[in-house]
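For reference, the chains in residue letters:
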Amino acid sequence: MAALQLKFLLVSFFTSIQGEAQYLMQDAGLVHYIDRRIVSIENRLNKCNQDIADYVEEFREFSKKMMSRVEGLGILKTELKNEVDHLLTRVERAQREIDYFESAKESPSPCIEVDEDLLEQQLVEQEESKKKVKLMLNASCNYMIAGIKSLKIVKKSGDEHGSWLKDPGKNHQKIYFLTGTKNKTAMEFANIRAFTENSKKPSPRRINLPFPWQGTGHAIYNGFLFYHKYGSLNEVIKFDIQKRNVTDQMFLSDAGETPVYELNPSVKIDLAVDELGLWAIHAEPGGSRKLALTKISHESMAAEYTWDTNCKSQNAESAFMVCGALYVVYNSPGGGTPRIECIYDTLDVINPYEIPIIHFPKRQTSHSMVHYYPREKQLFAWDNASQVIYKLLTKQKN
């Protein structure tokens, strides 16, 4: 009897163990199933994240392409507006000539006499225009450059090409540093000592421009920075340095198509300042390879008069203005001793046949920019990443 009871207990014990083992196997299978489902969900989430990242990258590339196209359309719009303005000017001129010929039809004079009369009238108008310009310039300075007295290397900093500038006003001591031929950040130093010594007190001020510049032909005048806008054919920006905003702009007709200087091809418009105000040096259109000179009103940003000079752009590297006269600096293509070989006086005082060749101090050099400062009778120049000052000798104009 006892043996029967023991057998019954053993059967019951093994049966319960088998049931628990089945339950454990079921739980393990459930856990394995849940793990697989979680892994599947994680894989899907990873794929979803990757798809989102790919979409964001694709959208970013699309946005860049659209912004580039919009910027290109803006440039085309500017160029088209400039061409339309130029075309309107030519249409007005043609209309005046048509009106003149219409009125001349009633005259019994021969056709050749009409042409001679028209030519004579145009020459008279041109002379009157030149007289008005001379009165407008009110030329009070009557000196010219006789030679270059000395050279001082102030600093070596920045890119191979660039500009360093100063406002020619009486009380302006700040130095402006614009490195590179395409950039939109200028540095302002308190004075030339702070610029030279790399002093951190006071630290230089960063000036972020709304548009990048083109070339190295910038100018500072009466608290404004004037520069050629990068990507435009001939748009000149007027930027208020203190308020840090663009106050005006202009489109310089017949400029920007070709480089001003053969040895400095990044410069399409070179802005200069002298005793008479703001000027723009540019190349004549049509491939004549000669320089043109335009007087600009710095207040209204309007072109007042344009001269076609006899100075060539071939082997030219830079130019500057002194007392209403254009001085063009020439050099060798590989760099050498710069020299001033061509001077064009807008006031017709300097005799072009008595102009001597003016040599810079003898050293192998190449200028990215040369600017004249009347008060100190100095030239600021950028020479292969070196900032240089030349002292000038002057004499009365002949």
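Use the structure listed above.
Let me sum up the structure you'll find in this document. On a predicted model such as this, the values are computed, not experimentally measured, just so you know.

1. Focus: the pairing of strand β13 (residues 302-312)
Here is the key point about a regular strand: its side chains alternate between the two faces of the sheet.
Part 1 of the argument: Of the strand pairs in this sheet, strand β12 (residues 290-297) and β13 are connected by seven bridges, and their pairing is antiparallel. Bridge assignment links Thr294 to a residue of β13, and that residue is Thr306.
Part 2 of the argument: A loop of four residues connects β12 with β13, the two strands running antiparallel in sequence, and Met301 in this loop sits at a positive phi of about 55°.

2. Some details on the state of the cysteines
Part 1 of the argument: For the structure on display, the rule yields one disulfide.
Part 2 of the argument: In this model, Cys311 is linked to Cys342 through a disulfide, with the two sulfur atoms separated by 2.0 Å. In this structure the cystine formed by Cys311 and Cys342 twists about its S-S bond by roughly -80°; its chirality is therefore left-handed. In this pair, Cys311 sits in strand β13 while Cys342 sits in strand β16 (residues 339-345), placing the two residues 31 residues apart along the sequence.

3. Focus on the layout of surface pockets
Part 1 of the argument: In this structure, the second largest pocket occupies an estimated 220 Å³ of space.
Part 2 of the argument: Taken together, 14 residues form the lining of the second largest pocket, with Glu71, Ile75, Phe211, Lys229 and Tyr230 sitting closest to its centre.
Part 3 of the argument: Elements represented by at least two residues in the lining of the second largest pocket include exactly α1 (2-104) and β9 (245-251).
Part 4 of the argument: The greatest single-element share of the lining of the second largest pocket, amounting to four residues, is contributed by α1.

4. A look at unusual backbone geometry
Part 1 of the argument: The phi dihedral of Arg244 is positive, around 60°, even though this residue is not glycine.
Part 2 of the argument: For Arg244, the position within the fold is in the loop between β8 (235-240) and β9.
Part 3 of the argument: A relative accessible area of 39% places Arg244 in the partly exposed class.

Calculation rules
- Residues numbered from 1 in each chain as written.
- Predicted model: local features only at pLDDT ≥ 70, side-chain atom pairs only at ≥ 80, totals over all residues.
- Heavy atoms only, no water.
- Pairing = 2+ DSSP bridges.
- Helix = DSSP H or I, 4+ residues; strand = E, 2+ residues; numbered from the N terminus.
- Disulfide = S-S within 2.5 Å.
- 1 Å grid on protein atoms, 1.4 Å probe; cavity = no way out; pocket = protein on both sides within 12 Å on 5 of 7 lines; lining within 4 Å.
- Points joined across faces, edges and corners; volume = space filled by probe spheres on them.
- Buried < 20%, exposed > 50% of the residue type's maximum accessible area, 1.4 Å probe, protein only.

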